[in-house]
Amino acid sequence: MQIFAFPPQTGAIEEIQKVNLQQALDIAVENNIDLKAARLNIEIAKNKIKSAGRFQNPEFNMFYNIGTAGRSEPQQLGFSEMLEIGKRSARKNLAKSKYELENENLKYSKFSLKMDVREAYINLIAEKSVLDTLEQQTKLQEDLYEIVKKKVKSGKAPEIEALQAEIALNQMITQVNTAKISVRNALVYFNKIINPGEDVNYDSQDKIFLEENNFDELLTPDPNDTMPEFEEIKEHALEHRYDIKIAKQQIDIARKNLTLISRQRLPDLEVVGGYTYQSKAQTDGPFQSGAYAGANIVNLPVFYSYKPEIKNAKLEWQQANLKYISTVNKAMKDVDAAYAKFLTARTNLNYYEKKILTSSDKLIRASIKNYESGKSDLTALIVMKQSYKSIIVGYTYALAEYYNSWTDFLREVNDESFDLYEDQDTL
């Protein structure tokens, strides 16, 4: 029988570093290129605060009279400075509020990155677990094929059974090849999410689904733990969700922007001062010189009073308030849906472990014994083995769904350290 080899991978990986989930999260937060770029927004916002607090640069003035006026009028050298009334502080307050918004955006980006890493890590080990299951089933199918060939050779089974066993084995091999590609794609995507900008490629731990389920290793609660009531989760989400914090900060920005634009109607004060002098060659009278000072009220809102800008700023403030209300409403629905999804995944996983797996294991053992003793034919055994394989793969995906639904729940609560155990004594 010919067993087809798995095709070689392109773009061979030179260095692989295996990490657990917590290590993957730490590496991503430290090295992710997109997150590094997002951190620069904080420095940009800091500089904008300094820029907003600037004073206007002074002007240098010189009046030099020529001709007849130059023989009798004084020459002047001086400076002028415009002093903003009420605008500088409002501008700084707006810049500070935008700085706080950038802080929240960075925290949100960091949190979202962690959730993406969790999901990519879970999907990678899920694909590895499926591959391991298929490889084990392939080995069992190979053993079965050898048994069938011996039975056919001894005349205890028809030759068609050997052909059936060979076809079933070849089918398993193609599924293994496809599973290998899925693992490779999941590995590439995992490194794409971490996006470290380094030569090293990161890989998950192997077969974590197929060993005793270590929920602590994957930072996920045990499916048998008691779950809190939704109202407790709702209050928690309202306190921690970044989109709500961002929407609230945008209200503050809109309010401070309205204040700044309203103060554009305040006139500014220009102060001038300098030195005036006359030379002896320029006057028939006694030489006189000295300082001068003056003031001007500028930017009087006579021809334009910023009414359109002020109206728009008020509308933007109202808009920000409406967006905040909408964000809260949508957030609570998203949290509700994510929690229901998690509870369903938890129920399905427990059902697999307590009902389906135990019964399936007993059934496949009995089917093998029946075939070996001649009580059933090969077709029935192959069908049973395929069903068993589907159940094991289904269980693997049920585990992945449970872990991913917890990640989705954390996405909606916006708190990666959400602890189910805080409320255990009160439930």
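Residues numbered from 1 in each chain as written. Predicted model: local features only at pLDDT ≥ 70, side-chain atom pairs only at ≥ 80, totals over all residues. Heavy atoms only, no water.

A. Inspection of the packing of helix H2 (residues 33-52) against helix H3 (residues 88-153) at higher detail. At their nearest, the axes of H2 and H3 sit 8 Å apart, and the two run at 170° to each other. With respect to H3, the element H2 is oriented roughly antiparallel. Side by side, H2 and H3 meet where Leu 35, Ala 38, Arg 39, Asn 41, Ile 42, Ala 45, Lys 46, Lys 48, Ile 49 and Ala 52 of the first sit next to Arg 88, Arg 91, Lys 92, Ala 95, Lys 96, Tyr 99, Glu 102, Asn 103, Leu 106, Ser 109, Lys 110 and Leu 113 of the second. Considered class by class, the residues forming the contact of H2 with H3 number ten nonpolar, three polar and nine charged. (Axes fitted to C-alpha atoms, helices over the stretch in contact; angles between N-to-C directions. Helix = DSSP H or I, 4+ residues; strand = E, 2+ residues; numbered from the N terminus. Parallel < 35°, antiparallel > 145°, perpendicular 65-115°, else oblique. Contact = heavy atoms within 4.5 Å. Nonpolar A, V, L, I, M, F, W, Y, C, P; charged D, E, K, R; others polar.)

B. A look at the pattern of salt bridges. Taken as a whole and assessed by the stated rule, the structure comprises 18 salt bridges. Across the pair Lys 87 and Asp 268 runs a salt bridge, and its minimum N-O distance is 2.7 Å. Taken together, the residues Lys 87 in the loop between strand E3 (75-83) and H3 and Asp 268 in strand E5 (residues 268-277) connect sequence positions 181 residues apart. For the residue pair Lys 87 and Asp 268, the accessibility class agrees, reading buried in each case. Its salt-bridge partner being Arg 411, residue Asp 408 comes within 3.9 Å of it at the nearest N-O pair. One end of the pair is Asp 408 and the other is Arg 411, both in helix H8 (residues 378-413) and three residues apart, which spans about a single turn. (Salt bridge = Lys/Arg side-chain N within 4 Å of Asp/Glu carboxyl O. Buried < 20%, exposed > 50% of the residue type's maximum accessible area, 1.4 Å probe, protein only.)

C. Spotlight on the environment of Asn 61. Considering the arrangement of structural elements, one finds Asn 61 in strand E2 (residues 59-63). Separated by 16 residues in the primary sequence, Asn 61 and Leu 77 place their C-alpha atoms 5.9 Å from one another. Once residues within four sequence positions are removed from consideration, Asn 61 is found in contact with Gln 76, Leu 77, Gly 78, Phe 79 and Ser 80. For Asn 61, the side chain forms a polar contact with the side chain of Ser 80, separated by 3.5 Å. (Polar contact = N/O pair within 3.5 Å; in protein donor to acceptor, adjacent residues only side chain to side chain.)

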